[in-house]
Amino acid sequence: MRCFFLIGVCGLLLSCAGVRVNYDYDKKTNFSSYASYNYFSDIESGLSELDEKRLIRALDSTLQSKGYLLAEEPDFFVNILSSEYRNAPNNAVGVGVGGTGRNVGGGISVGLPLGNSGIQRQIQFDFVDAQRDALFWQATSESGYRENASPSVREDRLRAVVKKVFSKFPPEKR
């Protein structure tokens, strides 16, 4: 029984894998020149309406804590795109049986997939300069997603994504 408990705990930890983030930005951008933001009026994020509201609340809170103001005539616009995809299970166990003797041979092999294929959500954040209409910063996050998660779990997950994505915004000068 203890073995099953340990296997269950390990499975739970693996299903809650962290958020992976990729960043890209224009090195010539002076990030200190940006003080206000707003969202594109025609955002089609790909999220449910409720998840989109949760994400925007988390994003507003994060950007405002970094000193940016939500404005009608902003310095930059934010666009959000998301997609979901199913990961194939990447672990397998092979079981084989074989034998030889007196010029007779045979074998059986079976592959057993371990773990479920999980749903991954990719969210892309684009920051576009309002004056030049040019992309100057972009981040793409990938994280696990459960369709049947409770609203509080969804909100916590989206907050974690925003926190991870914006932990390195604005980029440090090198």
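Analysis parameters
Residues numbered from 1 in each chain as written. Predicted model: local features only at pLDDT ≥ 70, side-chain atom pairs only at ≥ 80, totals over all residues. Heavy atoms only, no water. Salt bridge = Lys/Arg side-chain N within 4 Å of Asp/Glu carboxyl O. Helix = DSSP H or I, 4+ residues; strand = E, 2+ residues; numbered from the N terminus. Buried < 20%, exposed > 50% of the residue type's maximum accessible area, 1.4 Å probe, protein only. Pairing = 2+ DSSP bridges.

(A) Main features of the pattern of salt bridges. Summed over all chains, the structure comprises nine salt bridges. A salt bridge links arginine 159 to glutamate 155, with the nearest nitrogen and oxygen atoms 3.0 Å apart. Of this pair, arginine 159 and glutamate 155 both sit in helix H3 (residues 151-165), four residues apart, roughly one helical turn. On the basis of relative accessible area, arginine 159 is assigned to the partly exposed category, the value being 43%. Taking relative accessible area as the criterion, glutamate 155 reaches 22% and is therefore assigned partly exposed. What you see here is one network of salt bridges that share partners, running through Asp51, Arg54, Arg121 and Arg154.

(B) Highlighting the pairing of strand S8 (residues 134-145). The pairing of strand S1 (residues 20-25) with S8 spans six bridges and is antiparallel. Looking at the pairing, asparagine 22 lines up with threonine 140 of S8. As paired strands, strand S7 (residues 119-129) and S8 are joined by eleven bridges and run antiparallel to one another. In the strand pairing of S8, phenylalanine 125 is matched with alanine 139. Joining the antiparallel neighbours S7 and S8 is a turn of four residues, in which aspartate 133 adopts a positive phi near 50 degrees.

Any functional reading would require information beyond the geometric quantities listed.
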